[in-house]
Amino acid sequence: SAAHKFPMGQEVRLIRSSPQKISKELEQSLFLASFEISRLLPPEGQPFQYRVRNLVTGQERVAEESEIIAIEAGV
């Protein structure tokens, strides 16, 4: 059966899927920030979802599996 691709505690980055114009602040807080997977959300027929926490601000948000990529250790 399908499973979440990323484990708890994995450091990830959000992927910018659309080229819409956003503010520099938003760019930095979303797409240049490192997030940690704080929870694997139960699959409900949708793509797998995760609760991710910004490692700098502590702010949490929900992201779909297609919206995040793993950060290689040491990069």
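Residues numbered from 1 in each chain as written. Predicted model: local features only at pLDDT ≥ 70, side-chain atom pairs only at ≥ 80, totals over all residues. Heavy atoms only, no water.

*Asks:* Can you tell me about the sheet that holds strand S3 (residues 49–54), naming the residues and giving the values?
*Replies:* Spatial ordering of the open sheet is given by S4-S3-S2-S1-S5, a layout of five strands whose pairing is antiparallel. The open sheet is flanked by strand S4 (60–64) and strand S5 (68–70), the only strands paired with a single partner. On average, each strand axis in the sheet is tilted by 50° relative to the strand beside it, whichever way the strands run. Pairing of strand S1 (residues 11–14) with strand S2 (residues 35–41) involves two bridges; the strand directions are antiparallel. Its bridge partner being in S2, Val12 is matched across the sheet by Phe35. Each of S1, S2, S3 and S4 is contacted by helix H1 (residues 24–31), which is oriented at about 150° to S1, the strand it contacts most. (Pairing = 2+ DSSP bridges. Helix = DSSP H or I, 4+ residues; strand = E, 2+ residues; numbered from the N terminus. Axes fitted to C-alpha atoms, helices over the stretch in contact; angles between N-to-C directions. Contact = heavy atoms within 4.5 Å.)

These figures come from the coordinates and say nothing about function on their own.
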